[in-house]
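Each chain, letter by letter, is given below.
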There are 2 protein chains.
Amino acid sequence: MTYILHEDSRSGNCYKIRLTAALLGLRLERREYDIIKGETRTPEFLGTINANGRIPVLQIGAGDSGRFLPESNAACWYLAEGSALIPSDRFAQADMLRWMFFEQYSHEPNVATLRWWLAFVGEPSLSAAQRSQIVAKRAGGEAALDLMDEHLARQDWFVGQSASLADIALYAYTHVCEAGSFRLRDYPAICAWLGRVAALPGYVPMAG
Amino acid sequence: MTYILHEDSRSGNCYKIRLTAALLGLRLERREYDIIKGETRTPEFLGTINANGRIPVLQIGAGDSGRFLPESNAACWYLAEGSALIPSDRFAQADMLRWMFFEQYSHEPNVATLRWWLAFVGEPSLSAAQRSQIVAKRAGGEAALDLMDEHLARQDWFVGQSASLADIALYAYTHVCEAGSFRLRDYPAICAWLGRVAALPGYVPMAG
């Protein structure tokens, strides 16, 4: 099967899909878009690839038979179906999804957004409304990192005894959170877990 | 199996789980908390039920053997596992999760938050930072509703030929979105779909 990742390679959401594919030994073709230049808001992108105007989108199959799957965690689910990255136990599988929904609701909008604003958009270019959210997003991001650190002080992986999509989803923006002004040294259990993820066979770094 | 839903019954996220259980014919016990009064931030709640201090939490099993599952969409997944509410086709299943992640990332933080701020907290009680987000949240909510309306103009259900967890997840806050100042009459395909969901065998309303 041909897999094509429509992405902006600076995005941790896109990296999740590349990391999942790498850990599974799957080959991905890559198409790069610059979201700051609006390349995911063109009529062609909106009409064919994602009406929601966002990356990543995983394209499954080439040409006219291609199907398009937006939302990073859903794309990871598709790729990992039937693999050890999704636990088969009923509670563990739901608990993995629990951490993936936590990632999109409580972690990404704080940890990823501050990185994007501070490291890519640049603080002087932020709107007044964005600037007024920095304090709340820093507090929200620290609360998410606290919760992760507390959990990882008790177990090596988010769910069960081995790496799952929950680890991949949370790794993507956590390991680059210092670009958003968070301090990894405040979270020793997270730091140890980051090392475990980076040591997984097949691991690929974000820039690459 | 004993299922206990820890909830604030005003929350659409909690209602998703009640609606899923009702459509599946499962019985839920219910424990009510007032989130405005901080009842999900007590040491007991944080220590036993959810360290993230949020509802809903689905408790599976009573007493010391009980296990706790936060995140509404993960709880729905647990309850619906093996049922017709989760399609078995690989792409359809991932596509259902795609709409559920869309709900938590692009829909709930806009559509649900404005309802909460305007109908429960009250505009005079909002902080300046919250007030500065109203315009962006209204635009974000309208974009999410536009995308849903466009999709539902082409098909009766979000994924495949019958109701799935994607419909339940998106129904919860969409059907009460007017409390957040959105106008349902602007979205005719959504209105028709709301009627199809409410006609499902076993359907229960939000207040009940």
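Residues numbered from 1 in each chain as written. Chains lettered and ligands numbered in written order. Predicted model: local features only at pLDDT ≥ 70, side-chain atom pairs only at ≥ 80, totals over all residues.

Participant: What is the right way to read the overall build of chain A from this model?
Facilitator: Along chain A, the regular secondary structure elements total 8 helices and 4 strands. Starting at the N terminus, the α and β elements of chain A follow one another as β-α-β-α-β-β-α-α-α-α-α-α. By the compact-globule yardstick of 17 Å for 208 residues, chain A fits well, its C-alpha radius of gyration being 17 Å. Taken along the three principal axes of its C-alpha coordinates, chain A extends 50 × 45 × 30 Å. The buried share of chain A, taken over its 208 residues, is 42%. Restricting to contacts in chain A with at least 6 residues of sequence separation, those with at least 24 account for 70%. (Helix = DSSP H or I, 4+ residues; strand = E, 2+ residues; numbered from the N terminus. Rg over C-alpha atoms; globule rule 2.2 N^0.38 Å. Buried ≥ 20, exposed ≤ 12 C-beta atoms within 10 Å, placed from the backbone. Contact = placed C-beta atoms within 7 Å.)

Participant: Looking at this model, I keep getting lost on the relation of the copies chain A and chain B. Mind explaining?
Facilitator: Relating one copy of the chain to the other requires a rotation about an axis plus a shift along that axis. Under the fitted operation, chain A is carried onto chain B by 0.0 Å of movement along the axis and a turn of 180 degrees, and the coordinates agree to an RMSD of 0.0 Å. Such a combination of turn and shift is consistent with a two-fold rotation axis. When each C-alpha of chain A is compared by its distance to the rotation axis, Tyr105(A) comes out closest, at 3.0 Å. A shared interface surface links the copies, since 100% of the contact residues of chain A are contact residues in chain B too. (Least-squares fit on C-alpha atoms with pLDDT ≥ 70 in both.)

Participant: Help me out: how do you make sense of the interface of chain A and chain B in this one?
Facilitator: Interfaces are often sized by the accessible area lost when the parts come together. Taken residue by residue, the interface counts 30 residues in chain A and 30 residues in chain B. Elements that contribute at least two residues to the side of chain A that touches chain B include exactly strand E4 (67-70), helix H3 (72-80), helix H4 (90-121) and helix H6 (134-152) of chain A. Here the side of chain A that touches chain B gets 12 residues from one element, more than from any other, and that element is H4(A). Of the residues that constitute the side of chain A that touches chain B, the class distribution is 17 nonpolar, 6 polar and 7 charged. (Nonpolar A, V, L, I, M, F, W, Y, C, P; charged D, E, K, R; others polar.)

Participant: When you look at unusual backbone geometry in this model, what are you seeing that I'm missing?
Facilitator: The bulk of non-glycine residues show a negative phi, and the bulk of peptide bonds are trans. Pro56(A) follows Ile55(A) through a cis peptide bond whose omega is 0 degrees. Even without glycine at this site, Glu71(A) takes up a positive phi of about 75 degrees. Among the secondary structure elements, Glu71(A) is positioned in the loop between E4 and H3. Note on Glu71(A): 28 C-beta atoms within 10 Å, which makes it buried. Backbone geometry places Ser181(B), a non-glycine residue, at a positive phi of 80 degrees.

Participant: Even after reading the chapter, I still don't get the sheet that holds E4(A), so can you show me in this structure?
Facilitator: By way of backbone hydrogen bonds, the strands of a sheet pair with one another, either parallel or antiparallel. Residues and elements named next belong to chain A. Spatially, 4 strands are ordered E2-E1-E3-E4 in an open sheet, and the strand pairing comes out mixed. Two strands lie at the open edges of the sheet, namely strand E2 (29-32) and E4, each paired on one side alone. Going from strand to strand, the sheet's axes swing by 20 degrees on average, the running direction of each strand aside. Direction of pairing for strand E1 (residues 3-7) relative to E2: parallel, over a ladder of 4 bridges. The residue of E2 that forms the bridge with leucine 5 is arginine 30. (Pairing = 2+ DSSP bridges. Axes fitted to C-alpha atoms, helices over the stretch in contact; angles between N-to-C directions.)

Participant: When you look at the packing of helix H6 (residues 134-152) of chain B against helix H8 (residues 188-198) of chain B in this model, what are you seeing that I'm missing?
Facilitator: Think of two packed helices as two axes; the pair is described by the angle between the axes and how far apart they sit. Residue and element names in this part refer to chain B. Where H6 contacts H8, the two axes come as close as 7 Å, and the packing angle between them is 70 degrees. Classed by the angle they form, the pair H6 and H8 counts as roughly perpendicular. Across the interface between the two elements, Leu145, Met148, Asp149 and Leu152 from H6 touch Ala189, Ile190 and Trp193 from H8. A class-by-class count of the residues in the contact of H6 with H8 yields 6 nonpolar, no polar and 1 charged. (Parallel < 35°, antiparallel > 145°, perpendicular 65-115°, else oblique.)

Participant: Looking at this model, I keep getting lost on the nonpolar core. Mind explaining?
Facilitator: The nonpolar side chains of a soluble globular protein tend to be buried, and buried together. Within the largest apolar cluster, 110 residues are counted, with the highest numbers of intra-cluster contacts made by Cys76(A), Leu165(A), Ala166(A), Cys76(B), Leu165(B) and Ala166(B). Those residues in contact with Leu165(A) that sit more than four places away from it in its chain are Thr20(A), Cys76(A), Trp77(A), Ala80(A), Leu85(A), Ile86(A), Met96(A) and Met100(A). (Core = buried A, V, L, I, M, F, W, Y, C linked by C-beta atoms within 7 Å.)

Participant: Just checking my understanding: could you explain the pairing of strand E1 (residues 3-7) of chain B for this structure?
Facilitator: Side chains on a regular strand alternate between the two faces of the sheet. Residue and element names in this part refer to chain B. Buried residues dominate E1, accounting for 4 of its 5 residues. Inspection of the sheet shows E1 paired to strand E3 (residues 57-60) by 4 bridges, in the antiparallel sense. Across the sheet, residue histidine 6 finds its bridge partner in E3, namely valine 57. What joins E1 to strand E2 (residues 29-32) is helix H1 (residues 12-24), and the crossover it makes is right-handed. (Right-handed = clockwise from strand over helix to strand, strands pointing away.)

Participant: For this particular structure, what's the right way to read the domain arrangement of chain A?
Facilitator: Residues and elements named next belong to chain A. The domains assigned to chain A are domain 1 (3-80) and domain 2 (90-198). One C-alpha centre belongs to domain 1, the other to domain 2; they are set 21 Å apart. Counting residues at the interface gives 11 residues for domain 1 and 10 residues for domain 2. Taken together, the elements giving at least two residues each to the side of domain 1 that touches domain 2 come down to helix H1 (12-24) and H3. Sort the elements by how many residues they give to the side of domain 1 that touches domain 2 and H1 lands first, with 6 residues. Its residues assigned to classes, the side of domain 1 that touches domain 2 comprises 5 nonpolar, 4 polar and 2 charged. (Domains from an automatic or database assignment.)

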